[in-house]
Amino acid sequence: MSPIRVLVVDDHAVVREGLRTFLSLQEGIEIAGEAADGVEGVEAAERLRPDVVLMDLVMPRLDGAGAMRELRARLPGVRVIVLTSYADDERLMPAIQAGAAGYLLKNAEPQELARAVRAAHAGEALLDPVVAARLMAELAARPVDDAPELTRREHEVLELIARGLSNKRIARELAISEKTVKTHVGHVLAKLGVTDRTQAALQAVRDGLVGS
């Protein structure tokens, strides 16, 4: 199996070096490259085509949320994990809305970072517990729109998305093809009015579509 290729985007050289050193020692993970700001990060991603990008939020020229929006438009298949010192709502929600596949604080345990990389590559999402709590509080404070009408199968798929399962695992759980799962996921995202699985899972819990 090919290793998971990771691009590190952070404006602090010492952080990039530390991440590169740690991740290079992890089985099945290799460093594809690094960049010092959002502009360099987008350019490097287009050139190197990594599987996963580790993205800082506060950087010169183009911040992490802006870079993620660019990547979503240019390379929609790339999974981005936010790795930052900030968990405030002002930065958190824009990052999730920009398509973050995970959100970790820089004080996370090293093995948690490796697990997040593998989870993102598998199509799953991993959020720092502090971040998850803030997100749920933010969403709970928002007015609830009328719940969308989902078919029975779409509701089953949404339940499994909320549990963090990848398309492959959902297909196995429901005894259907992975292609069919992708179709259902697309319908669910469209009906919920969101752009990725993390937002779908959080909104589903907020709206009572699935159990918390």
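What you see as residue numbers is a count from 1 along each chain, following the sequence as written. This being a predicted model, a pLDDT of at least 70 is required before a residue's local features are given, and a value of 80 or more before pairs of side-chain atoms are given or counted; all residues contribute to the totals for chains, interfaces and linings. As a convention, hydrogens and water are excluded, and side-chain values are obtained from all of the structure's heavy atoms.

## Brief notes about the side chain of D56
Here's step 1: Segments assigned H or I by DSSP are reported as helices when at least four residues long, segments assigned E as strands when at least two residues long, and all are numbered from the N terminus. Inspection of the secondary structure assignment puts D56 in the loop between β3 (52-55) and α3 (64-74).
Here's step 2: Of the residues examined, D56 reaches a relative accessible area of 4% and is grouped as buried.
Here's step 3: Any two residues whose heavy atoms approach within 4.5 Å at even a single point are treated as in contact. In contact with D56, not counting residues within four places along its chain, are V9, D10, D11, G64, L83, T84 and K106. Type-normalised accessible area, obtained with a 1.4 Å probe on protein chains alone, sets the label of each residue: buried when under 20%, exposed when over 50%, and partly exposed for intermediate values.

## So, unusual backbone geometry
Here's step 1: Unusually for a residue other than glycine, R49 sits at a positive phi of about 50°.
Here's step 2: Positive phi outside glycine occurs at R61, with the angle close to 65°.
Here's step 3: Residue class for R61 comes out exposed when judged on its relative accessible area of 61%.

## Describing the layout of surface pockets
Here's step 1: Estimated volume of the largest pocket: approximately 660 Å³.
Here's step 2: Lining the largest pocket are 32 residues, with P76, G77, R79, G123 and R197 positioned closest to its centre.
Here's step 3: Every element with two or more residues in the lining of the largest pocket is listed here: α3, β4 (79-84), α5 (110-121), α8 (167-174), α9 (178-192) and α10 (197-206).
Here's step 4: For the lining of the largest pocket, the element with the highest residue contribution is α9, accounting for 5 residues.
Here's step 5: Following the grouping adopted for this structure description, the nonpolar residues are Ala, Val, Leu, Ile, Met, Phe, Trp, Tyr, Cys and Pro, the charged ones are Asp, Glu, Lys and Arg, and the polar ones are all others, Gly among them. Split into classes, the residues belonging to the lining of the largest pocket amount to 14 nonpolar, 9 polar and 9 charged. Using only the protein atoms, space was sampled on a 1 Å grid; points where a 1.4 Å probe fits but cannot get out form cavities, open sets with protein on both sides within 12 Å along at least five of seven lines form pockets, and lining residues are those with an atom within 4 Å of a point. Grid points are joined across faces, edges and corners, and a volume is the space filled by probe spheres set on the points.

## Concerning the side chain of H184
Here's step 1: Relative to the helices and strands, H184 resides in helix α9.
Here's step 2: Looking at H184, the relative accessible area reads 16%, which means it is buried.
Here's step 3: Look past the residues within four positions of H184 in its chain and what remains in contact with it is R153, E154, V157 and I176.

## Observations concerning the sheet that holds strand β2 (residues 29-35)
Strands pair in a sheet through their backbones, by hydrogen bonds, and they do so in one of two ways: parallel or antiparallel.
Here's step 1: Spatial strand order, β2-β1-β3-β4-β5-β6: 6 strands in an open sheet with parallel pairing. Unpaired on one side and paired on the other, β2 and β6 (126-127) mark the two borders of the sheet.
Here's step 2: Note: strand β1 (residues 4-9) against β3, 4 bridges, orientation parallel. If you follow V6 over to β3, its bridge partner there is V52.
Here's step 3: Only the contacting stretch of a helix is used when fitting its axis, a line to C-alpha atoms as for every element, and angles between N-to-C directions run 0 to 180 degrees. Sitting on the sheet, helix α2 (residues 38-48) touches β1 and β2, and the angle it makes with β1 is about 160°.
Here's step 4: Those strands touched by α3 are β3 and β4, and its axis lies near 160° from that of β3. A pair of strands is considered paired only if DSSP assigns at least 2 bridges between the two.

## A look at α8
Here's step 1: Turning to α8, its buried residues are N167, I170, A171 and L174. On an axial view of α8, the arc spanned by its buried residues comes to 100°, and they lie on one face. Counted as exposed and oriented over 90 degrees from the buried face of α8: K168 and R172.
Here's step 2: Directly beyond the C-terminal end of α8, a positive phi value near 60° is found at A175. Relevant arc is that of directions from the helix axis to the C-beta atoms, nothing else.

## Focus on the pattern of salt bridges
Here's step 1: Whenever Lys or Arg places a side-chain nitrogen within 4 Å of a carboxyl oxygen from Asp or Glu, that contact is recorded as a salt bridge. Within the structure shown, the criterion is met by 12 salt bridges.
Here's step 2: Across the salt bridge formed by D56 and K106, the nearest N and O atoms sit 3.7 Å from each other. Of this pair, D56 sits in the loop between β3 and α3 while K106 is found in the loop between β5 (102-105) and α5, placing the two residues 50 residues apart along the sequence.
Here's step 3: The partner of R152 in a salt bridge is E156, and the shortest N-O contact between them spans 2.9 Å. In this pair, R152 and E156 are both assigned in helix α7 (residues 152-162), 4 residues apart and thus about one turn of the helix distant.
Here's step 4: When its relative accessible area of 60% is taken as the criterion, R152 is described as exposed.
Here's step 5: By relative accessible area, which is 24% here, E156 ends up partly exposed.
Here's step 6: A network of salt bridges, in which partner residues are shared, links D10, D56 and K106.

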